[in-house]
Amino acid sequence: MQPRFIPLQHWLDWAQSAVRRHPRRIAGAVVLGLGGFAVTAFGIAPLAPDAATLPKRLVVESLDIPGLAQQLDALAQHPLQLDRHDTTRAGDTADSLLRRLGVVDPLAASHLRQDRDARRVIDGQGGKMVQARTDADGSLRTLVARFPALDAQRAKSHFTRLTVSRGDTGFRTQLETVPLVPQTRLGSGTIRSSLWAATDDAQLPDAIAGQLIEIFSGDVDFHRELRRGDTFSVVFEALTADDQPITWNDATGRILAAEFVNHGRQLQAVWFHDASKGKGAYFAPDGKSRQRTFLASPLAFSRVTSGFAQRFHPILQSWRAHNGVDYGAPTGTPVRAVGDGVVELAGRQSGYGNVVQLQHGNGRSTLYAHLSRVDVRLGQRVEQGQSVGAVGATGWATGPHLHFEFRVNGQFQDPLTLARASDTVRIDGNAKPRFEALAQMALKQLDAAESMVGFRGNTE
């Protein structure tokens, strides 16, 4: 009998008809079939060999690396050079500095002593950052020193790079003036004894403490209101010389964002530069200014020795009205203008000694007396924070201090109260969107300053 072949389409039509007529039976049969496969797999799997019982064999084979011997020979012939870093000290000589750097080279020492430019490494104040590269026997290849720019007017934005290098005919010296490069850094700390000590503990430059005082002086009297346990966080620009943080403090970059918690009160500030005005100022995240028309003090940090009240005059030996505030500070301490103004007096005046008086407009003027020097001239326009002189003891003074007066329409006013009542700087409406975006980023950076740098808080 010949086999009978049924067309494939016939089988497909029959299967579709069966599914429509008996859907539950067919579904059950499929599940039962799959279950059978699972049981079969379960029963077969244990029959596979256990990997832990299989025999093990250690195979050791030498690898031939082409050219390895030649590479080792070339490395052995390569001259060894060593780099060392240090900082110059007051009183350093060429020999003492090179000795600390591991340099054994009489010719190099002679060059540092005799070359006019090379002598700058050891002349003057210490604190210069020095890097020396030597051969294996200690002979000098190059010496690079980095220190504040020789041009005093560029010292805050540039540095001097002095390079002494060995050539075929001896050593040569090269001097360059190079821009400082800012890098954003974070820091935080807790007040235990003073703000300066807290910034030292946090390994922050001293200038950061001075900037914090300037930023929040309109809200915190750092002479009388600082409390143990107060905390701060900062985002700031650290200026670098060839990617190395500088060690001289007068060229520290600007604080970009800051938070200060004084006796539980949180204060925040963000630096914002308004291109339309060509000036920058500090603002709270909500846009309110942290910078007032007048600073709270003409000195970055000092102590009040005599307030705005009646006092017994130490020279005239009588009770007299004291129409200003006296700040005790060492001779030479910079005195800054508390607000923008024009110099209407710069010179010497009877009991005031060396004195500067500024006119700020709207009948307001300030006076700075007993100065050891005067840094401005008559008619000069000055900006808030600019140096107008230095603390001294000229005129009727029994010791170095600053006498500071504030007048409104010729009437003496208490300087300690006027700063907080003065007007604030405002952000133009067109600049607000840009400021709000900047403020949001600054707040995230301040949070990072607390978490990443190790915010300590009041742990006592």
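The structure under discussion appears in the preceding block.
Along every chain, residues carry numbers that run from 1 in the direction the sequence is written. pLDDT decides what is reported in this predicted model: residues at 70 or higher carry local features, side-chain atom pairs at 80 or more are listed and counted, and totals for whole chains, interfaces and linings draw on all residues regardless. Only hydrogens and water are set aside when side-chain values are computed; all heavy atoms of the structure are taken into account.

Chemist: Sorry, what's going on with the overall build of the chain here?
Modeler: Helix and strand counts for the chain come out as nine helices and 23 strands. In this scheme, a residue with accessible area under 20% of its type's maximum is buried, one over 50% is exposed, and one in between is partly exposed, where area comes from a 1.4 Å probe on protein chains only. Within the span of the chain, comprising 460 residues, buried residues form 38% of the whole. Counting every atom, the chain has about 26,900 Å² of accessible surface; 54% of that belongs to carbon and sulfur. Under the scheme used here, helices are H or I runs from DSSP no shorter than 4 residues and strands are E runs no shorter than 2 residues, and both carry numbers assigned from the N terminus. Computed by Shrake-Rupley with a 1.4 Å probe, the accessible areas treat only the displayed protein chains as cover when residues are assessed.

Chemist: I tried to follow the side chain of histidine 403 on my own but got confused; where do I start?
Modeler: With respect to the helices and strands, histidine 403 occurs in strand β22 (residues 401-408). The exposure class assigned to histidine 403 is buried, which follows from its relative accessible area of 8%. In the analysis that follows, any N or O atom pair within 3.5 Å is treated as a polar contact, provided that within protein one partner can donate a hydrogen and the other can accept it, and provided that, for residues neighboring in sequence, both atoms belong to side chains. Of the polar contacts made by the side chain of histidine 403, one reaches the side chain of glutamate 405; its length is 2.8 Å.

Chemist: So what exactly am I meant to see when it comes to the pattern of salt bridges here?
Modeler: Where charged atoms of side chains with opposite charge meet at close range, the side chains can pair. For this analysis, a salt bridge means a side-chain nitrogen from Lys or Arg found within 4 Å of a carboxyl oxygen belonging to Asp or Glu. Counting across every chain of the model gives 14 salt bridges. The partner of aspartate 105 in a salt bridge is arginine 166, with the nearest N and O atoms 2.2 Å apart. Taken together, the residues aspartate 105 in the loop between α4 (94-100) and α5 (106-114) and arginine 166 in strand β4 (residues 158-167) connect sequence positions 61 residues apart. Arginine 166 gets classed as partly exposed once you look at its relative accessible area, which sits at 27%.

Chemist: What should I look at first to understand the packing of aromatic side chains in this one?
Modeler: Aromatic ring pairs are described here by two measures, namely the spacing of the ring centres and the angle between the planes. Working definition: a ring pair exists when centres of Phe, Tyr or Trp rings (six-membered ring for Trp) sit within 6.5 Å. Plane angles under 30 degrees give stacked, over 60 give edge-to-face, the rest tilted. Taken as a whole and judged by the stated rule, the model has seven aromatic pairs. Measuring from centroid to centroid gives 5.5 Å for phenylalanine 272 and phenylalanine 435, while their planes differ by 80°, and the two rings are edge-to-face. One end of the pair, phenylalanine 272, is in strand β10 (residues 265-274); the other, phenylalanine 435, is in helix α9 (residues 432-452), and 163 residues separate them in sequence. Each member of the pair, phenylalanine 272 as well as phenylalanine 435, is classed as buried. Pairwise contacts between aromatic rings join Phe272, Phe283 and Phe435 into one cluster. Counting as a charge over the ring demands two things of the Lys NZ or Arg CZ atom: a distance within 6 Å of the ring centre and an angle within 35 degrees of the ring normal. Against the face of phenylalanine 147 rests lysine 128, its NZ or CZ located 5.6 Å from the ring centre.

Chemist: I'm lost on the nonpolar core in this one. Help?
Modeler: Generally speaking, nonpolar side chains in soluble globular proteins are found buried as a group. Grouped together as the largest cluster of nonpolar side chains are 24 residues, with contacts concentrated most on Leu195, Leu212, Phe216, Phe232, Val234 and Ile255. Only α6 (195-201), α7 (206-216), β7 (231-241), β9 (255-262) and β10 provide two or more residues apiece to this core. Of the residues forming this core, the biggest block, six residues, is contributed by α7. In this analysis, two residues are considered to be in contact whenever any of their non-hydrogen atoms come within 4.5 Å of each other. Among all residues touching leucine 212, those that are not within four sequence positions of it are Leu195, Phe222, Phe232, Val234, Ile255 and Ala258. Here, the term nonpolar core denotes a set of buried Ala, Val, Leu, Ile, Met, Phe, Trp, Tyr and Cys residues that are joined through side-chain atoms within 4.5 Å.

Chemist: Would you explain α7 in this entry?
Modeler: Since the α-helix advances by 3.6 residues per turn, residues separated by three or four positions end up pointing in the same direction. The buried fraction of α7 is high, at eight of 11 residues. Among the residues of α7, those classed as buried are Ile208, Ala209, Gly210, Gln211, Leu212, Ile213, Ile215 and Phe216. Of the surrounding secondary structure, the elements contacted by the buried residues of α7 are α6, β7, β9, β10 and β11 (279-283).

Chemist: Would you take a moment to explain α5 for this structure?
Modeler: Turning to α5, its buried residues are Ala108, Ala109, Ser110, His111 and Leu112. Of the surrounding elements, those touching the buried residues of α5 are α4, β3 (140-148), β4 and β5 (170-179). Its side-chain oxygen placed 3.2 Å from the backbone nitrogen of leucine 107, aspartate 105 serves as the N-cap of α5.

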